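Commentary on secondary and tertiary structure
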Amino acid sequence: MTAIPQIIAGNWKMNLTLSQGQEFIDTLLSMLNGKELSRELLLAPNFTLLQALAPRCTGRGIGLAAQNCAFQESGAFTGETSVAMLKDVGAAYVLVGHSERRQIFGERDELLRQKVRAVADGGLVPIFCVGETLEQRQSGEAFEVVISQLHSGLAEFSSSQLIVAYEPVWAIGTGQTATPEDARSMHLHIRKFLEAQFTWGERVPILYGGSAKPENAAELLAQPEVNGLLVGGASLDPESFLKIALA
Ligand code: PEP
């Protein structure tokens with residue numbers, strides 16, 4: 001089996017204006033100073049920054065992801081953004097099913113399945129996020145919940161270009177990180193599911209997300225089947241993002 005290259009992805013959420021985003025990239029590139037990293041970098045800025053950031057990132061080892069998309073191709077869907085539009089302005093990946101979309105905006109399994117499919121049909125790579133709540137973990141349902149989210153979200157998926165992000169809801173933005181053992185056992189579980197489901201399941205990168213920071217990145221990244229990190233808060237500062245990438 002060929003090793004999966006590790007990915008460090010930053011989710012900026014609804015943070016950073018255009019000039020702040022440009023400054024972030026310029027600072028990151030100057031800190032890198034032409035050095036090639038062994039890990040791939042991805043950034044998910046707001047839609048409004050994608051087009052301007054694309055020329056700064058292209059050819060410099062930084063991929064761009066959108067944070068959301070519509071499942072429809074085009075038409076009367078006020079306020080929505082299609083996959084083709086995202087591709088047009090330089091996104092190569094789209095986050096789907098982030099817990100903030102599930103919890104705050106009520107995105108349900110069926111809608112997420114349609115979005116995952118739309119991303120793949122539009123030629124971009126979905127980063128499909130799954131994760132249990134604290135209540136579900138405490139009642140021993142964590143594995144079941146995550147597998148059911150995967151089962152449902154990927155039910156109509158046939159492209160082999162996919163990234164999965166395991167993000168326990170209780171660890172997102174709370175400063176509370178899953179222990180390396182918790183991350184490892186869930187990632188092994190997810191891998192088994194992907195291998196059983198898809199002939200290419202062994203090649204899907206599985207990222208961990210939830211209060212990842214420079215202090216805990218190395219330990220998390222050392223776990224088997226942890227193929228990278230999805231970083232929220234600590235991705236807003238180029239120095240801490242780079243420290244994570246170099247951990
Ligand atoms: C996220 O929003 O995907 C995330 C992991 O956030 P944080 O790192 O801030 O917990």
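Here goes a summary of the coordinates provided. It should be emphasised that the depicted structure is a prediction, and the values quoted were computed from it without experimental measurement. (Residues numbered from 1 in each chain as written. Predicted model: local features only at pLDDT ≥ 70, side-chain atom pairs only at ≥ 80, totals over all residues. Heavy atoms only, no water.)

One finds L150, L154, I190, L194 and L229 to be the most contacted residues of the largest nonpolar core, which totals 65 residues. Leave out the neighbours within four places in its chain, and L150 touches F128, V130, V164, I190 and F193. (Core = buried A, V, L, I, M, F, W, Y, C linked by side-chain atoms within 4.5 Å. Buried < 20%, exposed > 50% of the residue type's maximum accessible area, 1.4 Å probe, protein only. Contact = heavy atoms within 4.5 Å.)

Taken together, the neighbourhood of the ligand is formed by 14 residues, with K13, H98, E167, G173 and S211 sitting nearest. Between an oxygen atom of the ligand and a side-chain N or O atom of H98, the distance comes to 2.8 Å. Separating an oxygen atom of the ligand from a side-chain N or O atom of E167 is a distance of 2.7 Å. Residue composition of the shell around the ligand, by class: four nonpolar, eight polar and two charged. (Near = heavy atom within 4 Å. Polar contact = N/O pair within 3.5 Å; in protein donor to acceptor, adjacent residues only side chain to side chain. Nonpolar A, V, L, I, M, F, W, Y, C, P; charged D, E, K, R; others polar.)

Moving on, we get to the side chain of Q67. Looking at the element boundaries, Q67 is found in the loop between β3 (62–66) and α3 (83–88). On the basis of relative accessible area, Q67 is assigned to the buried category, the value being 18%. Within the structure, Q67 has its side chain in polar contact with the backbone oxygen of A44 (distance 2.9 Å). Within the local environment of Q67, its side chain forms a polar contact with the backbone oxygen of P45, the two atoms lying 3.3 Å apart. If we ignore the near neighbours within four places in the chain, the residues touching Q67 are N11, W12, K13, M14, A44, P45, N46, F47 and L95. (Helix = DSSP H or I, 4+ residues; strand = E, 2+ residues; numbered from the N terminus.)

Here we come to helix α10 (residues 238–245). Among the eight residues that make up α10, six are buried, leaving the element largely enclosed by the rest of the structure. Where α10 is concerned, the buried positions are P238, S240, F241, L242, I244 and A245.

This part is about the layout of surface pockets. Taking a probe equal in size to a water molecule and rolling it over the atoms shows the remaining empty space. Roughly 370 Å³ of internal volume is contained in the largest pocket. As for the largest pocket, its lining consists of 14 residues, of which K13, M14, Q67, R101 and F105 are closest to the centre. Counted by class, the lining of the largest pocket contains six nonpolar, five polar and three charged residues. Lining the second largest pocket are 15 residues; nearest its centre among them are K35, E36, L37, R60 and G61. Those elements that place two or more of their residues in the lining of the second largest pocket are α1 (18–32) and β2 (40–44). Each residue belonging to the lining of the second largest pocket can be placed in one class, and the counts come to five nonpolar, five polar and five charged. (1 Å grid on protein atoms, 1.4 Å probe; cavity = no way out; pocket = protein on both sides within 12 Å on 5 of 7 lines; lining within 4 Å. Points joined across faces, edges and corners; volume = space filled by probe spheres on them.)

Read once around its circumference, the closed barrel built from eight strands follows the order β1-β2-β3-β4-β5-β6-β7-β8, with strand pairing classed as parallel. Strand-to-strand twist of the sheet, defined as the mean angle between neighbouring strand axes without regard to direction, takes the value 25°. In this structure, β2 lies alongside β3, joined through three bridges in parallel fashion. Bridge assignment links L41 to a residue of β3, and that residue is I62. The strands touched by α10 within the sheet are β1 (7–11), β2 and β8 (228–231), with β1 carrying the most contacts at an inclination of about 155°. (Pairing = 2+ DSSP bridges. Axes fitted to C-alpha atoms, helices over the stretch in contact; angles between N-to-C directions.)

In this section: the pattern of salt bridges. Per the stated rule, a full pass over the model turns up 12 salt bridges. Note that E107 is salt-bridged to R101, the shortest N-O span being 3.0 Å. Overall, the relative accessible area of 5% leaves E107 in the buried class. For R101, a relative accessible area of 22% puts it in the partly exposed group. The salt bridge involving E156 is made with R117; its shortest N-O contact spans 3.0 Å. In this pair, E156 sits in the loop between α7 (142–153) and β6 (163–166) while R117 sits in helix α5 (residues 109–121), placing the two residues 39 residues apart along the sequence. (Salt bridge = Lys/Arg side-chain N within 4 Å of Asp/Glu carboxyl O.)

Position of V164 among the secondary structure elements: in strand β6. Taking the C-alpha atoms as reference points, V164 and C129, separated by 35 residues in sequence, lie 6.0 Å from one another. Excluding residues that lie within four positions of it along the chain, V164 makes contacts with F128, V130, L150, I190, L194, V204, P205, I206 and L207.

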